[in-house]
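Given next are the chains, with one letter for each unit.
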Amino acid sequence: MFYLIGLGLVDPMDISVKGLEIVKRCSRVYLESYTSILGCHKEELETYYGRPLLLADRDLVEEKTDEILTGANEDDVALLIVGDPFGATTHIDLVLRARDKKIPYKVIHNASILTAVGCCGLELYKFGEIVTIPYWDETWKPESFYDKIKFNRLHNMHTLCLLDIKVVEPAGEPRVRGRRQIMRFMTVADAAQQLLSIVDRKNVLEHNTVLNDMSLCVGLARVGSETQRIVAKSLHDMASTDLGGPLHCLIIPSKELHPLETDYLQGYATFKLDSYNY
């Protein structure tokens, strides 16, 4: 059997009882290490699970899937995934490949940031399409995520913005599997700065009224952990906000909040929400 097992959001104990039992009996267990991270190190997981884990980077998961699936029709093989297994399309592709090879599979679900963001008080059923904000560089500055935020705002829906995780190779060195890589994590400040850059340009070109520097946004960091942080402030102020270590995400709320959302979110706000123009 091939198992895709969700690990939850924070630490070794977030795995389900069912998931842990499966991990202990598998012949091989891979830890997917690029779509997200837990708030702990691989060695802590190995100690808690009582077994070694094999790191599965982007190259292995997306390009060399056969290596993971080999033998899964004879022995139990597991892939551990931060959050819920179906939180990324990459893992849906893995299931399709297992089907093609007639390998039986099971999915063990767990908590995901896609639902855990309800901790800020915004109602989950009012969220529209989720976006990912990537790091810009000198030659690549995509803005498609802004169009989706704009669509959600125009239809009175919240937008969850997942923030980029980038692998940074040591200068001048090729990518080598198994070598500990440097990870760069986008912060809410990084994301807000990029959004402000787009907003400023839209204001000049089309007198943008959908989003501006005083629009409300919600920053979240390390959701589900003992050091969880939530703040609600203007996009302008979020651009200089330090929420500490990873992982961060950003929410652009709808232009109209339900009274219960306003009351709950007020506990994290730096201004009075009931009189604020979103």
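Computed from a predicted model, the values in this text were never measured in an experiment. (Residues numbered from 1 in each chain as written. Predicted model: local features only at pLDDT ≥ 70, side-chain atom pairs only at ≥ 80, totals over all residues. Heavy atoms only, no water.)

Engineer: Just to check I follow, could you spell out the overall build of the chain for this structure?
Structural biologist: On a plain count of helices and strands, the chain comes out with 10 helices and 12 strands. Relative to its length of 278 residues, the chain is compact, with a C-alpha radius of gyration of 20 Å against a globular reference of 19 Å. Expressed as lengths along the three principal axes of its C-alpha atoms, the size of the chain is roughly 60 × 45 × 35 Å. With 278 residues in all, the chain has 47% of them scored as buried. A separation of at least 24 residues holds for 72% of the contacts in the chain among residues at least 6 apart in sequence. Accessible area of the chain: about 13,900 Å², with a carbon and sulfur share of 53%. Once the 31 positive and 39 negative side-chain charges of the chain are each reduced to a mean point, those two points are 2 Å apart. (Helix = DSSP H or I, 4+ residues; strand = E, 2+ residues; numbered from the N terminus. Rg over C-alpha atoms; globule rule 2.2 N^0.38 Å. Buried < 20%, exposed > 50% of the residue type's maximum accessible area, 1.4 Å probe, protein only. Contact = heavy atoms within 4.5 Å. Areas by Shrake-Rupley, 256 points an atom, 1.4 Å probe, with all protein chains shown as cover. Lys, Arg positive; Asp, Glu negative; His and termini not counted. Charge placed at Lys NZ, Arg CZ, Asp CG, Glu CD.)

Engineer: What is the right way to read the nonpolar core from this model?
Structural biologist: Nonpolar side chains tend to gather and get buried jointly when the protein is soluble and globular. By size, the foremost hydrophobic cluster in this structure holds 28 residues, and its most contacted members are Phe145, Leu195 and Leu250. Within the residue set of this core, elements represented by two or more residues are β6 (131-133), α7 (144-154), β7 (159-163), α8 (188-206), β10 (216-221), α9 (235-238) and β12 (248-252). Examining the composition of this core, we find that 7 residues originate from one element, α8, more than from any other. Apart from residues no more than four positions distant in its own chain, Phe145 is found in contact with Val131, Thr132, Ile133, Pro134, Trp136, Gln194, Leu195 and Ile198. Membership of the second largest hydrophobic core comes to 19 residues, among which are Ile5, Ile15, Val29 and Leu45. (Core = buried A, V, L, I, M, F, W, Y, C linked by side-chain atoms within 4.5 Å.)

Engineer: Got a minute to help me understand the sheet that holds strand β3 (residues 54-56) in this structure?
Structural biologist: Paired through their backbone hydrogen bonds, the strands of a sheet run either parallel or antiparallel. Ordered by their spatial adjacency, 5 strands build an open sheet running β3-β2-β4-β1-β5, and the pairing between neighbours is parallel. Of all the strands in the sheet, just β3 and β5 (105-108) have a single pairing partner and so form its edges. Mean inter-strand twist for the sheet, computed between neighbouring axes without regard to direction, equals 25 degrees. Where strand β2 (residues 28-32) and strand β4 (residues 77-81) come together, 4 bridges link them in parallel fashion. Residue Val29 lies in a different strand from β4, and its bridge partner there is Ala78. (Pairing = 2+ DSSP bridges. Axes fitted to C-alpha atoms, helices over the stretch in contact; angles between N-to-C directions.)

Engineer: Quick question: what am I supposed to make of the UniProt feature "domain: Tetrapyrrole methylase" (unreviewed entry) in the chain here?
Structural biologist: Residues annotated by UniProt as "domain: Tetrapyrrole methylase" (unreviewed entry) correspond here to residues 1-163. Spanning residues 1-163, this segment combines 34% helix with 18% strand, and its end C-alpha atoms are found 33 Å apart. (UniProt positions renumbered as here; feature names shortened; annotations may be inferred.)

Engineer: Which parts of the structure should I look at to understand helix α5 (residues 89-100)?
Structural biologist: Since one α-helical turn is 3.6 residues long, residues separated by three or four positions face the same way. With 12 residues, α5 should cover 16 Å at 1.5 Å per step; its first-to-last C-alpha distance of 17 Å lies within 8% of that length. Residues of α5 that are buried include every one of Thr90, His91, Leu94, Val95 and Ala98, and no others. Down the axis of α5, the sector holding all buried residues measures 145 degrees, keeping them to one side. Along α5, the residues that are exposed and aim more than 90 degrees away from the buried face are Thr89 and Asp100. Looking at the packing, one finds that the buried side of α5 touches β1 (2-6), β2, α3 (58-63), α4 (65-69), β4 and β5. (Expected span 1.5 Å × (residues − 1). Arc of directions from axis to C-beta.)

Engineer: Please explain the pattern of salt bridges as it appears in this structure.
Structural biologist: Proximity of charged atoms lets side chains of opposite charge pair with each other. Within this structure, the stated rule accounts for 8 salt bridges. Residues Glu46 and Lys42 are paired through a salt bridge, measuring 2.8 Å at the closest nitrogen-oxygen approach. A residue pair is termed a helical-turn pair when its members lie 3 or 4 positions apart in one helix, as Glu46 and Lys42 do in helix α2 (residues 42-49) at 4 residues. Across the pair Glu261 and Lys126 runs a salt bridge whose closest N-O atoms are separated by 2.9 Å. (Salt bridge = Lys/Arg side-chain N within 4 Å of Asp/Glu carboxyl O.)

Engineer: Quick question: what am I supposed to make of α7 here?
Structural biologist: Residues of α7 that are buried: Phe145, Tyr146, Ile149, Asn152 and Arg153. Down the axis of α7, the sector holding all buried residues measures 120 degrees, keeping them to one side.

Engineer: Explanation requested: unusual backbone geometry in the structure shown.
Structural biologist: For residues other than glycine, phi is negative in most cases, and the peptide bonds are mostly trans. The omega torsion of the bond from Pro246 to Leu247 falls at -5 degrees, within 30 degrees of zero and hence cis. Structurally, Leu247 can be placed in the loop between α9 and β12. Phi angles above zero are rare outside glycine, and Asn156 is one such case at about 55 degrees. Assessed through its relative accessible area of 28%, Asn156 is described here as partly exposed. One non-glycine residue with positive phi stands out, namely Arg222, at about 50 degrees. Tracing the backbone through its elements, the reader meets Arg222 in the loop between β10 and β11 (229-234). For Arg222, a relative accessible area of 19% gives the class buried.

Engineer: Is there a simple way to explain the environment of Pro259 in this structure?
Structural biologist: Within the secondary structure, Pro259 is located in helix α10 (residues 259-265). Along the chain, Pro259 and Thr35 lie 224 residues apart, while their C-alpha atoms are 35 Å from each other.

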